Amino acid sequence: MREAAAQQQDLATWTSVEVVYDWKKAGLELDGLLEWRTKDRIRRTDCAVLYLAVARQVRPWLSLGTNYELSYNNLDEQGWIFYHCYRLRATFSTRLCRWLDVSLREKYEHTLARGGFREMLLRQRLRLACPSLRGGVEPYVSVETFNSLFVGDGFRLARTRYRGGAAFPLGEGWTGDVFYLYQDAPAKGTHVLGLAGTYRF
């Protein structure tokens, strides 16, 4: 019986800037994000991402939203390719006690690219956060699974992400987020160092 190939390991960075507008009159939240990701032990660009989203808080414990993502991806021998990704999401959240927020996000994701590439996934993320630390710092941990929705795949687990980090206020509507993420996929495990900035108005 042939043995499975050993899983490769990589080190990457994810850096993003996000702008969120609270459109109170319409009851909507509008979101735009730019992100840059590296790979090959931070030596090369993996992809650049543009993300646009809209969400509505339909209940105190339930948010519904949709988004479109355009990414320009470095596929090595295949060159640079645009991916178009469409998502629908529902997020259930509650505060269990003074020091613990819990959220569960369900996300349907459909990705298309040239050459007939298609990927359909169900993403499920559980997130735990501690919102009451001094100075507004909010440490958190999360785990997210990606399961294939194609017929014949048997709800196959495509990858899993484990993330831990802390959000913190920067003033004037800005918040920061530093995190470590490990993405576990059959062919490759990726250690990610992340830095994000978000402006809300």
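Here, every reference points to the structure presented above.
All values derive from a computational prediction rather than experimental measurement.

Can you lay out the overall build of the chain for me, pointing to particular residues and giving the numbers?
Secondary structure summary: the chain contains 0 helices and 11 strands in total. Across the chain, helices and strands are ordered from the amino to the carboxyl terminus as β-β-β-β-β-β-β-β-β-β-β. For a compact globule of 201 residues, the expected C-alpha radius of gyration is about 17 Å, and the chain comes in at 18 Å, within 12% of that figure. Taking the principal axes of its C-alpha atoms as reference, the chain extends roughly 55 × 30 × 30 Å. The burial tally for the chain puts 38% of its 201 residues in the buried class. Taking the intrachain contacts of the chain between residues at least 6 apart in sequence as the baseline, contacts between residues at least 24 apart amount to 42%. Element-wise, carbon and sulfur atoms account for 60% of the exposed surface of the chain, whose accessible area totals about 12200 Å².

Describe the sheet that holds strand β11 (residues 188-200), with residues and values.
What links the strands of a sheet is backbone hydrogen bonding, and the strands pair in either a parallel or an antiparallel sense. Taken in spatial order, the 11 strands close into a barrel running β1-β2-β3-β4-β5-β6-β7-β8-β9-β10-β11, and their pairing is mixed. With direction set aside, neighbouring strand axes in the sheet form an average angle of 20 degrees. Here strand β8 (residues 138-148) pairs with strand β9 (residues 157-171) via 10 bridges, running antiparallel. When the sheet's bridge partners are listed, Glu144 is paired in β9 with Arg161.

Explain the packing of aromatic side chains to me, and be specific about the residues and the numbers.
Taken as a whole and judged by the stated rule, the model has 8 aromatic pairs. With a centroid separation of 5.0 Å and an interplanar angle of 35 degrees, the aromatic rings of Tyr21 and Phe201 are classed as tilted. In this pair, Tyr21 is assigned in strand β1 (residues 8-23) and Phe201 in the segment after β11, connecting sequence segments 180 residues apart. The exposure class of Phe201 is partly exposed, given its relative accessible area of 47%. Judged by centre distance (5.0 Å) and plane angle (35 degrees), the ring pair of Tyr72 and Trp80 falls under tilted. Classification of Tyr72 as partly exposed rests on a relative accessible area of 33%. Take Trp80: its relative accessible area is 35%, and that puts it in the partly exposed class. Grouping aromatic residues by their ring pairs yields a cluster made of Tyr21, Trp174, Tyr199 and Phe201. A cation over an aromatic ring shows up here: Arg37 above the ring of Trp14, its NZ or CZ 3.7 Å from the ring centre.

Could you give me a rundown of a nonpolar patch on the surface, with the residues and numbers involved?
A grouping of Trp61, Phe92, Leu104, Leu126, Leu128, Val141, Val143 and Tyr162 is seen on the molecular surface, where their side chains present a nonpolar patch of about 670 Å² in accessible area. Broken down by secondary-structure element, the contributors of at least two residues to the nonpolar patch are β7 (117-129) and β8. Residue position: Val141 is located in strand β8. Since its relative accessible area comes to 44%, Val141 is described here as partly exposed.

Kindly report on the environment of Leu195, identifying the contributing residues and their values.
With respect to the helices and strands, Leu195 occurs in strand β11. With 155 residues separating them along the chain, Leu195 and Asp40 place their C-alpha atoms 18 Å apart. Setting aside chain neighbours within four positions, we find Leu195 in contact with Trp14, Thr15, Ser16, Asp177, Val178 and Phe179.

Tell me about the pairing of β11, residues and numbers included.
As paired strands, β1 and β11 are joined by 13 bridges and run parallel to one another. Bridging across to β11, Leu11 finds its partner in His191. One ladder, built from 11 bridges, connects strand β10 (residues 174-184) with β11; its direction is antiparallel. The partner of Leu181 across the bridge, within β11, is Val192.

Explain the side chain of Glu109 residue by residue, including any values.
Relative to the elements of secondary structure, Glu109 occurs in strand β6 (residues 100-113). For Glu109, the side chain forms a polar contact with the side chain of Arg87, separated by 2.6 Å. Setting aside residues no more than four positions away along its own chain, Glu109 makes contact with Cys85, Tyr86, Arg87, Glu119, Met120, Leu121, Arg123 and Arg159.

Rules used throughout
- Residues numbered from 1 in each chain as written.
- Predicted model: local features only at pLDDT ≥ 70, side-chain atom pairs only at ≥ 80, totals over all residues.
- Heavy atoms only, no water.
- Helix = DSSP H or I, 4+ residues; strand = E, 2+ residues; numbered from the N terminus.
- Rg over C-alpha atoms; globule rule 2.2 N^0.38 Å.
- Buried < 20%, exposed > 50% of the residue type's maximum accessible area, 1.4 Å probe, protein only.
- Contact = heavy atoms within 4.5 Å.
- Areas by Shrake-Rupley, 256 points an atom, 1.4 Å probe, with all protein chains shown as cover.
- Pairing = 2+ DSSP bridges.
- Axes fitted to C-alpha atoms, helices over the stretch in contact; angles between N-to-C directions.
- Phe/Tyr/Trp six-rings, centres within 6.5 Å; stacked < 30°, edge-to-face > 60°.
- Lys NZ or Arg CZ within 6 Å of the ring centre and 35° of its normal.
- Patch = residues over 30% accessible without salt bridge, like charges linked within 9 Å, V, L, I, M, F, W, Y side chains within 5 Å.
- Salt bridge = Lys/Arg side-chain N within 4 Å of Asp/Glu carboxyl O.
- Polar contact = N/O pair within 3.5 Å; in protein donor to acceptor, adjacent residues only side chain to side chain.

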